[in-house]
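Below are the chains, spelled out letter by letter.
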Amino acid sequence: LLWVEQRARAEDAPARLSPPAVKLHLWTAEPDLRLELYRTDQHPGKVPPLAACVHGCTVYAPKGRYRLFVQPPVGSEFYPGRRDFTLVRPGELTVRPPRAVPRGVGLAMGITGIPVLAFGLFYLFIQESLSDSSGIGGKEKAIAASTIGVGGSLTVSGWILFGVNRKPTLRFTPLGP
């Protein structure tokens with residue numbers, strides 16, 4: 001059982017809830033962002049959310065594992081996502097949704113970096129096999145090294161950018177002592 005209020009007020013959890021409920025403020029700075037709360041063993045679409053609100057609300061819920069879904073409005077700069085968390089004490093959960101543009105840019109960089117890296121390695125291999133016993137020249141080494149470096153940097157930084165914008169970020173701030 002959960003009890004939801006749309007405005008955060010300093011109220012005690014209703015006595016009728018069992019097991020003891022913990023007060024949780026769900027909040028995001030982004031307007032029109034829909035937040036839905038489920039237990040981790042529930043499947044969205046098969047059961048209604050335990051709590052659903054836009055921008056923020058207060059929920060009284062038993063301690064345990066929960067899954068928060070973030071749904072931005074159509075045409076928003078944000079990307080929908082979900083994140084699991086464990087509720088162990090009263091607090092405020094600040095939600096930052098993943099941004100669509102950095103996520104897309106990271107994906108493009110990560111994918112583009114792989115062929116650039118492969119080209120650099122292929123170029124180095126071809127130059128080594130075509131050179132005489134004295135080895136390849138400085139110009140060819142510089143081209144190969146810079147291509148390998150750019151490809152590796154694109155791949156790593158792209159996948160990191162994609163990864164950090166894949167799920168919503170949650171920041172928990174405890175309430176009271």
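About the criteria used
- Residues numbered from 1 in each chain as written.
- Predicted model: local features only at pLDDT ≥ 70, side-chain atom pairs only at ≥ 80, totals over all residues.
- Heavy atoms only, no water.
- Disulfide = S-S within 2.5 Å.
- Axes fitted to C-alpha atoms, helices over the stretch in contact; angles between N-to-C directions.
- Helix = DSSP H or I, 4+ residues; strand = E, 2+ residues; numbered from the N terminus.
- Parallel < 35°, antiparallel > 145°, perpendicular 65-115°, else oblique.
- Left-handed = near helix turned anticlockwise from the far one by under 90°.
- Pairing = 2+ DSSP bridges.
- Core = buried A, V, L, I, M, F, W, Y, C linked by side-chain atoms within 4.5 Å.
- Buried < 20%, exposed > 50% of the residue type's maximum accessible area, 1.4 Å probe, protein only.
- Contact = heavy atoms within 4.5 Å.
- Salt bridge = Lys/Arg side-chain N within 4 Å of Asp/Glu carboxyl O.

Peer 1: Can you help me understand the state of the cysteines in this one?
Peer 2: Any covalent bond linking the sulfur atoms of two cysteines counts as a disulfide. For the structure shown, the criterion picks out one disulfide. For Cys 53, the disulfide goes to Cys 57, at an S-S distance of 2.3 Å. Judged by the sign of its S-S torsion, about -55°, the cystine formed by Cys 53 and Cys 57 is left-handed.

Peer 1: Before we go on, may I ask you to explain the packing of helix H1 (residues 100-130) against helix H2 (residues 138-164) in this structure?
Peer 2: Each pair of packed helices can be described by the angle between their axes along with the distance between the axes. Two elements in contact, H1 and H2, have axes whose closest approach is 6 Å; the angle formed by their N-to-C orientations is 155°. Considered as vectors, H1 and H2 are oriented roughly antiparallel to each other. The interaxial crossing formed by H1 with H2 has left-handed handedness.

Peer 1: Explain the sheet that holds strand E6 (residues 64-71) to me, please; I cannot follow it from the model alone.
Peer 2: Two orientations exist for strands paired in a sheet by backbone hydrogen bonds: parallel and antiparallel. Read from one edge to the other, the open sheet built from four strands follows the order E4-E3-E6-E7, with strand pairing classed as antiparallel. At either end of the open sheet lies a strand with only one pairing partner, and these are strand E4 (51-54) and strand E7 (81-87). The mean inter-strand angle of the sheet, taken between neighbouring strand axes irrespective of direction, is 20°. Where E6 meets E7, seven bridges bridge the pair, whose relative direction is antiparallel. Across the sheet, the residue bridging to Arg 67 is Asp 84, located in E7.

Peer 1: I would appreciate a short explanation of unusual backbone geometry in the present structure.
Peer 2: In terms of backbone geometry, most residues other than glycine have negative phi values and most peptide bonds are trans. Positive phi outside glycine occurs at Asp 32, with the angle close to 65°. Mapped onto the secondary structure, Asp 32 falls in the loop between strand E2 (21-27) and strand E3 (34-39). With a phi close to 75°, His 55 is a non-glycine residue in the positive phi region. Looking at where His 55 falls in the secondary structure, it is placed in the loop between E4 and strand E5 (56-62).

Peer 1: Any chance you could explain the nonpolar core here in plain terms?
Peer 2: It is characteristic of soluble globular proteins that their nonpolar side chains tend to be buried jointly. One finds Leu 26, Leu 35, Leu 37, Val 59, Leu 68, Phe 85 and Leu 87 to be the most contacted residues of the largest nonpolar core, which totals 18 residues. Those elements that provide at least two residues to this core are E2, E3, E4, E5, E6, E7 and strand E8 (91-96). Setting aside chain neighbours within four positions, we find Phe 85 in contact with Leu 24, Leu 37, Gly 64, Arg 65, Tyr 66, Leu 68, Leu 93 and Leu 170.

Peer 1: Looking at this structure, how should I read the pattern of salt bridges?
Peer 2: Charged atoms that come close allow side chains of opposite charge to pair. Following the criterion strictly, the structure yields five salt bridges and no others. Across the pair Asp 41 and Arg 39 runs a salt bridge whose closest N-O atoms are separated by 3.3 Å. On the basis of relative accessible area, Asp 41 is assigned to the exposed category, the value being 53%. Between Arg 65 and Asp 84 there is a salt bridge, with the nearest N and O atoms lying 3.9 Å from each other. Taken together, the positions of Arg 65 in strand E6 and Asp 84 in strand E7 put the pair 19 residues apart, joining distant regions of the chain. On the basis of relative accessible area, Asp 84 is assigned to the partly exposed category, the value being 32%.

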